[in-house]
Amino acid sequence: MLLMKRRRPRCSLLSKTRVFQPRQCGHRDIPLSLLGGPFHLPVVLKSILVLFLMVAAPAIARDFSVVSYNVENLFDIDGVAAYDDYQPATYTPEHLAVKVKNIAKALSKVEGGPDIIVLNEIELDQTPESSVKDYGAWLDSVKDKKVADLLAGPDVPPALAGLPAEAWLLKALSDEGLTGYHVATTDEKPGSYEDGRPRGVRSVILSKFPITATRTIPTPNARAILEATIDVDGHPLTVFANHWKSGAGDVESEKVRLENAKTLRGRLDGIFAVDPNADVIVAGDLNSHYNQQRRYRAMKETGINSVLGSQGNELALRGKNADLYNLWFELPSNNRGSDIYKDEWGTLIHLILSRGLYDQNGVQYVDNSFKVMKIPGLNADVYGRPVRWSRSKTPGGFSDHFPIMARFRTVEDGDKTRWMPLNQPSLTETGPEAPVPAVTSVVDLFASAPKTSKLPPDTALRDGSFDGRVFFVEAPATVDEHGFVHVNVLGADYDVFTHDQDLRPRIREQAKADGRLSFYGELGTYRGHWQFMLHGKEWLAPGSAVPSSSLKKSP
């Protein structure tokens, strides 16, 4: 005979028929009439219930930002480097000061500052004995000085010269008011890859949230992948910082990227085997375009598409055939670009999301928040191209990549079976085949350029509203004892500068010969000095582009 165990009724404070279960709970029955009906609680119980709900209520969800940025070779200044370009004769403390200040300035444009930053091309310190054990303590010890002050002069104390590059970036971020970062780096050691190339750079993750675990994932002949587990208000978020083998269009180098992808895919499969809806971000410079397989038809298999599984059908994450979505598909196809090669826009840097970032549990992507941090007048020139880093005698610029960013939030539903609503989700899986051309025509720029000679005398050119604007300048010009050219516009002096080595002497000779210059120039500042920037030979007005031998002094 099968004996069934009798279930014990549970006690309930809120029952439609009884407030308590007296026989089972040992309480005396209370008539509902004393409570005013089954749905009306006395004042005391109401207060208790309200207090209980306040205590038990989940924390309010909040947004946070994630940025991925290849900073184009950020090195320290101890002269011990894997690359010859970073020796004291050509790479000075001023270079480092300008470099980190510019990176920090670009990152400061994120509202509230980025919460998580994935960085590529940070020097793999060749003198690891000079590492910083406690970044917070070090930053506190130098809080009274700016980066430029610490790196002033040709002879920086050895204790500072050997500090790892990420320490200097943290200091520059602190100078911009961006503080509270935890640091994760790979544990790669100086030396060479299997093919003999030196190990020169690595990936770094900065996070305002606690980093609870890190893992270095090596790949033969390639930079290691950095995995970090980040505690976002009690929710685990796994971030992978990648920097795959360069040469996106090269079939041979794609073989190494295939290995990069297999290494990463293997680790992802392990995570998703435990939790198919784990919250994961794959970030960094994959040296692959989001549409790599369509863009390069000769590649029958690609790391990013074939192996990793990066794709653009956002709704496919709700099924079983796709677990990653590439945020490049959030943008119109003609706006997809963060770098330029051979006058074509590329998408080498990525933010790729797991399906878990689309459910109602833990960390969630903020729909359509992905963007390229192209900032006119700062890291983007007048053509909209990246203002890349320059290691010339006068350092300047940012990187050959624009940073990319997206916003996320925490959700407290705890439901992995429901998906977040999407506004116009992307449905294509591959993207177009043709690359986006990097148009550099100056016709429209010049046609809309106001003439400085026609501006009202009280025009406030330096109030910030004209930064990055192109003007047609007709003004008196002088050349100082150092060979620098200046023009006087509306009673104020401005430097005249160009990166074009052939154009510089022509501008200088014109200014000396005529005492005037006519040119198109982009208004901006450099190291506190206002200037007009000429981006090419066509920016010097036709009447000024004659050889110096034929120039005559103005009467």
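Definitions and limits used
Residues numbered from 1 in each chain as written. Predicted model: local features only at pLDDT ≥ 70, side-chain atom pairs only at ≥ 80, totals over all residues. Heavy atoms only, no water. Helix = DSSP H or I, 4+ residues; strand = E, 2+ residues; numbered from the N terminus. Contact = heavy atoms within 4.5 Å. Areas by Shrake-Rupley, 256 points an atom, 1.4 Å probe, with all protein chains shown as cover. Buried < 20%, exposed > 50% of the residue type's maximum accessible area, 1.4 Å probe, protein only. Polar contact = N/O pair within 3.5 Å; in protein donor to acceptor, adjacent residues only side chain to side chain. pLDDT = per-residue confidence, 0-100. Pairing = 2+ DSSP bridges. Axes fitted to C-alpha atoms, helices over the stretch in contact; angles between N-to-C directions. Salt bridge = Lys/Arg side-chain N within 4 Å of Asp/Glu carboxyl O. Core = buried A, V, L, I, M, F, W, Y, C linked by side-chain atoms within 4.5 Å. Expected span 1.5 Å × (residues − 1). Parallel < 35°, antiparallel > 145°, perpendicular 65-115°, else oblique. Left-handed = near helix turned anticlockwise from the far one by under 90°.

Examining the overall build of the protein chain
When you go through the protein chain residue by residue, the secondary structure sums to 12 helices and 20 strands. Intrachain contacts of the protein chain at a sequence separation of at least 6 include 70% that bridge at least 24 residues. Total accessible area on the protein chain stands at roughly 27300 Å², and carbon and sulfur atoms take up 53% of it.

Considering the side chain of Gln-360
Among the secondary structure elements, Gln-360 is positioned in strand S13 (residues 359–365). Given the relative accessible area of 11%, Gln-360 is considered buried. A polar atom in the side chain of Gln-360 sits 3.3 Å from the side chain of Gln-364. Non-local contacts of Gln-360, meaning those with residues more than four positions away in its chain, are made with Val-411, Asp-413, Gly-414, Asp-415, Arg-418, Trp-419, Met-420 and Pro-421.

Remarks on unusual backbone geometry
Although it is not a glycine, Asn-221 adopts a positive phi angle of roughly 60 degrees. The residue Asn-221 is located in the loop between strand S5 (211–219) and strand S6 (222–232) in this model. Taking relative accessible area as the criterion, Asn-221 reaches 22% and is therefore assigned partly exposed. Unlike most non-glycine residues, Leu-490 shows phi in positive territory, near 55 degrees. Tracing the backbone through its elements, the reader meets Leu-490 in the loop between strand S17 (485–489) and strand S18 (492–498). The exposure class assigned to Leu-490 is partly exposed, which follows from its relative accessible area of 35%.

A few points about the confidence of the model for the protein chain
When pLDDT is averaged along the protein chain, the result is 87; 86% of the residues meet or exceed 70. This model gives residues 1–59 a pLDDT under 50, and the stretch forms 35 contacts once residues within four places in sequence are excluded. Counting contacts from residues 544–555, a segment whose pLDDT is below 50, to residues more than four positions away or on other chains yields 15 contacts.

Considerations on helix H7 (residues 165–175)
H7 sits mainly inside the fold: 9 of its 11 residues count as buried. When we look at burial in H7, the residues that qualify are Ala-165, Glu-166, Ala-167, Trp-168, Leu-169, Leu-170, Lys-171, Ala-172 and Leu-173. Two residues or fewer after H7 comes Gly-177, characterised by a positive phi angle close to 90 degrees.

With respect to the sheet that holds S5
Reading across the sheet, the 6 strands line up as S5-S6-S7-S8-S12-S9 and stay open at both edges, with mixed pairing between neighbours. Each edge of the open sheet is held by one strand with a lone partner, namely S5 and strand S9 (324–326). Between one strand axis and the next, the sheet turns by 20 degrees as a mean value, whatever way the strands run. With 6 bridges joining them, strand S7 (residues 235–243) and strand S8 (residues 280–285) adopt parallel strand pairing. Looking at S8, one finds that Phe-240 is bridged to Val-282.

What about the environment of Ala-97?
Relative to the assigned elements, Ala-97 resides in helix H3 (residues 93–107). Sequence separation between Ala-97 and Leu-150 is 53 residues; the distance between their C-alpha atoms is 8.7 Å. Those residues in contact with Ala-97, other than ones at most four positions away along the chain, are Val-147, Ala-148 and Leu-151.

Some points on the pattern of salt bridges
If you walk through the whole model with that rule in mind, you get 21 salt bridges. In this structure, Lys-416 engages Asp-275 in a salt bridge whose closest nitrogen and oxygen atoms are separated by 2.5 Å. Taken together, the residues span a long stretch of sequence, with Lys-416 in strand S15 (residues 404–419) and Asp-275 in the loop between helix H8 (251–274) and S8 at a distance of 141 residues. The exposure class of Lys-416 is partly exposed, given its relative accessible area of 33%.

Brief notes about the nonpolar core
Core analysis: the largest hydrophobic core is formed by 48 residues, its most contacted members being Tyr-69, Leu-74, Leu-119, Trp-138, Trp-168 and Leu-173. Listing elements by their share of this core, those giving two or more residues are strand S1 (63–74), H3, strand S2 (116–123), helix H4 (135–141), helix H5 (147–150), helix H6 (158–161), H7 and strand S4 (201–207). Among residues more than four places away in sequence, those in contact with Trp-168 are Leu-96, Val-100, Trp-138, Val-147, Leu-150, Leu-151, Leu-160 and Leu-163. Within the second largest apolar cluster, 42 residues are counted, among which are Leu-226, Ala-241, Trp-328 and Ala-406.

Topic: H8
Its 24 residues place the ends of H8 35 Å apart at the C-alpha level, agreeing with the 34 Å of an ideal helix rising 1.5 Å per residue. Considered for burial, the residues of H8 that qualify are Ser-253, Glu-254, Arg-257, Leu-258, Asn-260, Ala-261, Leu-264, Arg-265, Leu-268, Ile-271 and Phe-272.

Concerning the packing of H3 against H7
In the contact formed by H3 and H7, the axes pass within 8 Å of each other and the chain directions differ by 55 degrees. Classed by the angle they form, the pair H3 and H7 counts as oblique. In the packing of H3 onto H7, the handedness of the crossing is right-handed. Note on element contacts: H7 touches H3 through Trp-168, Leu-169, Ala-172 and Leu-173, opposite Leu-96, Val-100, Lys-101, Ile-103, Ala-104 and Leu-107.

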